[in-house]
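# Survey of secondary and tertiary structure
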Amino acid sequence: MFNINPIRFIDLFAGIGGIRKGFELTCEEYGIKSECVFTSEIKPSAVDVLKQNHPKETVYGDITQIKASDIPDFDFLLAGFPCQAFSSAGKRLGFEDARGTLFFEVARILKEKNRLVLYWKMLKDL
């Protein structure tokens, strides 16, 4: 198996950091170091919590306004993009809801950073 240590990850639509926390705890359980190299969140109350929990990190704003080239290289992309557009708890407008289109920001970043190609090659080499 390939060795990536520490694992560098980015956290998009981070909320208060729940997905990140689970990822970090899982890495820790397996003895893998992890490092968050970029976090993006726009909701002010969530940003406040992120800054309390990670005071030395910068929390960037609207991911639609950030160029992929401005994002550090990473091994994993974590994304808690809003699900209300698809959820039965929401209006189920899917991609017709602006929140639903945020999925395409994840695809944009992965494509521009060439991450999918890298992991496909790594998996083929296993």
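Our structure's up above, just so we're on the same page.
To start, this report covers the structure provided alongside it. (Residues numbered from 1 in each chain as written. Predicted model: local features only at pLDDT ≥ 70, side-chain atom pairs only at ≥ 80, totals over all residues. Heavy atoms only, no water.)

### A look at the overall build of the protein chain
A count of helices and strands for the protein chain gives four helices and four strands. Helices and strands appear in the protein chain in the N-to-C order β-α-β-α-β-β-α-α. Across the 126 residues that make up the protein chain, the buried fraction comes to 35%. Across the protein chain, the fraction of contacts at a sequence separation of at least 24, relative to all contacts at a separation of at least 6, is 68%. Put simply, the protein chain shows about 8400 Å² of open surface, and 56% of that area lies on carbon and sulfur atoms. (Helix = DSSP H or I, 4+ residues; strand = E, 2+ residues; numbered from the N terminus. Buried < 20%, exposed > 50% of the residue type's maximum accessible area, 1.4 Å probe, protein only. Contact = heavy atoms within 4.5 Å. Areas by Shrake-Rupley, 256 points an atom, 1.4 Å probe, with all protein chains shown as cover.)

### A word on the side chain of S40
Looking at the element boundaries, S40 is found in strand β2 (residues 34–40). Within the local environment of S40, its side chain forms a polar contact with the backbone oxygen of G61, the two atoms lying 2.5 Å apart. Residue contacts for S40: discarding those within four places in its chain leaves D11, L12, F13, A14, Y60, G61, D62 and I63. (Polar contact = N/O pair within 3.5 Å; in protein donor to acceptor, adjacent residues only side chain to side chain.)

Honestly, that's just the spatial picture; any functional story needs more than this.
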